[in-house]
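# Secondary and tertiary structure notes
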Amino acid sequence: MDFIRSSVSALILFFYFLGLMVHVAFGDINYSFPEELKRGSVIGNIAKDLGLDVKDLAARKARIDAEGNRKRYCNINPMTGELTVAERLDREGLCGKKASCVIKQELMLENPLELHRVNLNVQDVNDNSPKFEDDVIRIEIRESTFKGARFLLEEAHDADHGQNSVKTYSLQRNDHFVLSVNTNDIGGKYSELVLEKELDREQQQEVTLILTAVDGGTPPRSGTVTIHVTVLDANDNAPVFSQSVYKVSLSENSPVGTVLVTVNATDADEGSNGEVIYALGHISEEEKNIFSLDRKTGTITVIGPIDFEEESTFELRVLAKDASGLTSYSMVMVEITDVNDNEPVIILKSLNSPIPENALPGTEVGIINVQDRDSENNRQLRCSIEQNVPFKLVPSISIKNYYSVVITGDLDREMVSEYDITITATDQGFPPLSSAKTIQLLVADVNDNPPVFEEQTYSAHVKENNKPGSAVCTVAATDPDWRQNGTVVYSLFPSDVNGAPVTSFLSINGDTGVIHAVRSYDYEQFKSFKVLVLARDNGSPPLSNNVTVSVFIMDENDNSPQILYPSPDGNSFMTEMVPKTVHAGSLVSKVIAVDADCGQNAWLSYHIVKATDQGLFTIGVHSGEIKMQRDLSESDNMKQNVIVSVSDNGQPSLSATCVMYLIISDNLAEVPELKDITFDDTNSRLTLYLTVALVTVTTFFLTFVITVLAVRFCHKRKPRLMFDGAVTIPGAYLPPNYADVEGTGTLRSNFNYDAYLTTGSRTSDFKFITSYNESTLPAELTREKTECVTDDLGEQRDITQVRPHILYNFAFVILFYFPL
Ligand SMILES: *[C@@H]1O[C@H](CO)[C@@H](O)[C@H](O)[C@H]1NC(C)=O
Ligand SMILES: *[C@@H]1O[C@H](CO)[C@@H](O)[C@H](O)[C@H]1NC(C)=O
């Protein structure tokens, strides 16, 4: 290379020399030669050109001077006359940008002084490359810059001149720029970068290009510079979300502060252009109260209640925005998962309350509906009645979650008048939730209970001679039914008591059940009677029940003893014969008395009040039997009178007295002055007694006949009514109250007896047999009798024992007086 180069240089030099020769021919000597010749290089032979003799040169002290103080660039060789380069001649250094570079030197010769001007015309040589001021050209271009934009580049500088100066530029191939080379007014070349394709900072932040400047020399020289293009950011990128849709599931009831998701968007821009803020876009008020988005971090948190049952999904539009408002959107789809947080709800759809107590098992009394707002298993419900009540739930076949409440057993309002039916519903969640509802079901009354008396039977004990209107007893019946179905009204069942309507004996207060006596009772008339009391409720139809009320009339001592024998008014016709032969202790007579009362009131006791001979007779306190106290003696008076007092045991005691006339004699004939034994006989009295006796006998006879006829008539019906040896008693003779229950005035055949009487009853040795048989007695009579017995406190003489005495006395009277 060097060899070629130097050869080329030598050739150029040769042509310069040719030119130089041409100049020599005129005044001043001009030499043209390329710059940068080596020191000592011969420029030309000045001696020859000036026509000087070489030999003289030395002698004449030929030398080169510069004008003034300027530098000497060339020398003269005195030996050869050649002009040589003394100093480096750099055209650019000497002349700069001047078009021609002539350096003036002088050749001075002495002896004689001779001065020649030598013009050194320094020719340019392409010895400089184009050069840029700096190594690097820094350009900043905003990425948003449009295509076609031009950027002026610094010119390259070439110290060489003319052809050798910068001729053109070239740019390294690249994607974005092309070069546009222009010539300026002064002929210089400059270049511009032209943006051919837009820059993208996000793709390439810097572009490095190499610009080459080439001069026009031969060979050309070039210089390069690095163009450093910094791509400035423009906010040309919107934020970009990491996902276009975020799918999140969130459990309901998540507490406030729960992080739902963090959305992330990035912005490729830098600096503030790349700062992203987040926001929720187009969301409802509700959603605003539930979710909050942190504008810086993109974290969505729960700030409100999450209720699956309200909203099971959310679609939140999230936007990301950079500083200058470039926005992009993403979607957050929130799926709420159910939590078993809703209790089942039991709704009573209908209820037939009250339900009549006679409703049959299987009757539907109500319909319930159960609901649960949760989903899936959390809303699967089980429903039941856990209590021990006669109801069950029957699920509806066709409609889900509907149940009928159905009766399973018998209802009884009187046992349970209302039910609190608790229905429990449980869901299948985990943990399960349950709820309960209590239905109050009333049972309506049906009149299914009759009134029931508190006692099986009632008995009332009423003292005779009671005040009419006094309360006798109280019956009470209860009816558990409701209101009028259980309201009891009492009444007497219409019946007869002793032939009279029951209402003439008793009345009853329909409301209270208090039974009042309507009249005053007489024990001696009847001792007891029965009535039937009805209790009826007010239902429709009414139900009723009845009870027997037995009224027992209790005796009062309202009857004084009645002396049957002897006649109480001291009639001397009733005279007892006492044989003289009787001994002490013998029965001589008997005072017969009755008392219509009962018990103690009829328990009679006998006392001798006064006697002709005090020590002769005694009387049995309770038997009334008069016995000899001692044997008779001759001295004893033939006529003896004994006054006997008969008193009952009632409180207060009632009494009666009678006189017993006794004649001590063996023979009636010995009693001529029978009349005399009376204390104060009068004819009129005798007449009265006779009249009484006659009437009595007549009555007796008539009664006898009637009775016989009646017995005949009734024979077949009442075979037991026998008259074998029976003696009828004239009704008129008996005390008026001493009526038998039958009221016939005759003794019952049950009380028949046999009496053995000796006429005159001298021995008074009589005997009677009660022929009745206990077992043949009607139960009623037995009770009546035993009651009377139990009513009496002490021993008593039964009325049946008295009756033979009465009869005995009648017989005696009849037999005694008839002959008269
Ligand atoms: C009484 O019972 C009847 C049915 O026997 C019924 O219709 C009525 O409602 C009942 N009365 C009351 C007050 O409960
Ligand atoms: C009394 O009650 C009985 C049974 O309770 C009944 O058979 C009878 O008919 C009733 N009598 C009246 C008069 O109601």
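That block above? That's the structure.
We now turn to the structure provided with this report. Please read these numbers as outputs of a predicted model, since none were measured by experiment. (Residues numbered from 1 in each chain as written. Chains lettered and ligands numbered in written order. Predicted model: local features only at pLDDT ≥ 70, side-chain atom pairs only at ≥ 80, totals over all residues. Heavy atoms only, no water.)

Moving on, we come to the site of ligand 2. Near ligand 2 the following residues occur: F493, L532, L534, N545 and N546. Between ligand 2 and N546, the relevant distance is 2.4 Å, taken from an oxygen atom to a side-chain nitrogen or oxygen of the residue. When ligand 2 sits alone it has 360 Å² of accessible area, and the protein chains cover 37% of it. Contributing elements (two or more residues each) for the shell around ligand 2: β41 (528-537) and β42 (544-554). A class-by-class count of the residues in the shell around ligand 2 yields 3 nonpolar, 2 polar and no charged. (Near = heavy atom within 4 Å. Polar contact = N/O pair within 3.5 Å; in protein donor to acceptor, adjacent residues only side chain to side chain. Areas by Shrake-Rupley, 256 points an atom, 1.4 Å probe, with all protein chains shown as cover. Helix = DSSP H or I, 4+ residues; strand = E, 2+ residues; numbered from the N terminus. Nonpolar A, V, L, I, M, F, W, Y, C, P; charged D, E, K, R; others polar.)

Before going further, it helps to examine the state of the cysteines. Evaluation of the coordinates by the stated rule reveals 1 disulfide. With its sulfur 1.6 Å from that of its partner, C95 forms a disulfide with C101. The chirality of the disulfide connecting C95 with C101 is right-handed, given an S-S dihedral of about 70°. For the pair shown, C95 and C101 are each scored as buried. (Disulfide = S-S within 2.5 Å. Buried < 20%, exposed > 50% of the residue type's maximum accessible area, 1.4 Å probe, protein only.)

Right, let's talk about the nonpolar core for a bit. With 31 residues, the main nonpolar core has L506, F529, V533 and V549 as its most contacted residues. The set of elements that each furnish at least two residues to this core consists of β33 (457-463), β34 (471-474), β36 (488-492), β39 (506-508), β40 (514-517), β41 and β42. With sequence-adjacent residues up to four places away left out, L506 is seen in contact with V472, L492, I515, H516, A517, V518, Y521, F529, V531 and V551. Counting 27 residues, the second-largest nonpolar core is a separate cluster that includes I563, I592, I626 and I664. (Core = buried A, V, L, I, M, F, W, Y, C linked by side-chain atoms within 4.5 Å. Contact = heavy atoms within 4.5 Å.)

Looking now at the packing of aromatic side chains. A ring pair, where both rings are aromatic, is described by two values, the distance of the centres and the angle of the planes. Under the defined criterion, the tally for this structure stands at 13 aromatic pairs. Both rings, one in F453 and one in Y458, keep their centres 6.2 Å apart while their planes meet at 75°; by these two values the pair is edge-to-face. Residue classification places Y458 among the buried residues on the basis of a relative accessible area of 9%. Judged by centre distance (5.4 Å) and plane angle (65°), the ring pair of F505 and F526 falls under edge-to-face. Of this pair, F505 sits in the loop between β38 (500-501) and β39 while F526 sits in the loop between β40 and β41; the two residues are 21 residues apart in sequence, bridging distant segments of the chain. A single burial state applies to F505 and to F526, both of which are buried. Between the NZ or CZ atom of R519 and the centre of the ring of F505, over which it lies, the distance is 4.2 Å. (Phe/Tyr/Trp six-rings, centres within 6.5 Å; stacked < 30°, edge-to-face > 60°. Lys NZ or Arg CZ within 6 Å of the ring centre and 35° of its normal.)

This part is about the sheet that holds β40. Taken in spatial order, the 3 strands make up an open sheet running β34-β40-β39, and their pairing is antiparallel. Looking along the sheet, the strands with just one partner apiece sit at the ends: β34 and β39. For this sheet, the mean angle separating the axes of adjacent strands, direction not counted, is 25°. (Pairing = 2+ DSSP bridges. Axes fitted to C-alpha atoms, helices over the stretch in contact; angles between N-to-C directions.)

With that out of the way, let us pick up the site of ligand 1. Around ligand 1 sit D445, V446, N447, W482, R483, Q484 and N485, and those are all the residues in its vicinity. Interatomic distance of 3.0 Å between a backbone N/O atom of N447 and an oxygen atom of ligand 1. Taking N485, its side chain carries an N or O atom lying 2.2 Å from an oxygen atom of ligand 1. When ligand 1 sits alone it has 360 Å² of accessible area, and the protein chains cover 59% of it. Classifying every residue of the shell around ligand 1 by side-chain character gives 2 nonpolar, 3 polar and 2 charged.

With that out of the way, let us pick up the pattern of salt bridges. In this structure the tally under the stated criterion is 19 salt bridges. Close ionic contact of D65 with R63 constitutes a salt bridge, the shortest N to O distance being 3.9 Å. We note a salt bridge from R63 to E110, for which the minimum N-O separation is 2.9 Å. Of this pair, R63 sits in strand β3 (residues 63-66) while E110 is found in the loop between β6 (102-109) and β7 (114-123), placing the two residues 47 residues apart along the sequence. The partly exposed category is assigned to R63, whose relative accessible area is 32%. A single network of salt bridges, built from pairs that share partners, joins R201, E202, D233 and E270. (Salt bridge = Lys/Arg side-chain N within 4 Å of Asp/Glu carboxyl O.)

The subject of this paragraph is the side chain of S550. Positionally, S550 belongs in strand β42. Taking the relative accessible area as the measure of exposure, S550 reaches 10% and is therefore buried. Contacts of S550, omitting those with residues within four sequence positions, involve Y458, S459, A460, F529 and K530.

Taken in spatial order, the 4 strands make up an open sheet running β8-β14-β13-β10, and their pairing is mixed. In this open sheet, the two edge strands, each paired with only one partner strand, are β8 (136-142) and β10 (166-171). Across the sheet, the mean angle separating the axes of adjacent strands is 25° when strand polarity is ignored. As judged from the 9 bridges shared by strand β13 (residues 206-215) and strand β14 (residues 222-232), these two strands associate in the antiparallel manner. When the sheet's bridge partners are listed, L211 is paired in β14 with V225.

Here we take up the side chain of Q105. Checked against the element boundaries, Q105 lands in strand β6. Among the polar contacts made by the side chain of Q105, one reaches the main-chain carbonyl oxygen of K71 at a distance of 3.2 Å. A polar atom in the side chain of Q105 sits 2.8 Å from the backbone nitrogen of Y73.

All right, on to the pairing of strand β51 (residues 655-664) then. β51 sits mainly inside the fold: 8 of its 10 residues count as buried. With 4 bridges joining them, strand β44 (residues 575-578) and β51 adopt parallel strand pairing. Of the residues in β51, the one forming a bridge with E576 is L662. In this structure, strand β50 (residues 639-647) lies alongside β51, joined through 9 bridges in antiparallel fashion. Looking at β51, one finds that S647 is bridged to S655.

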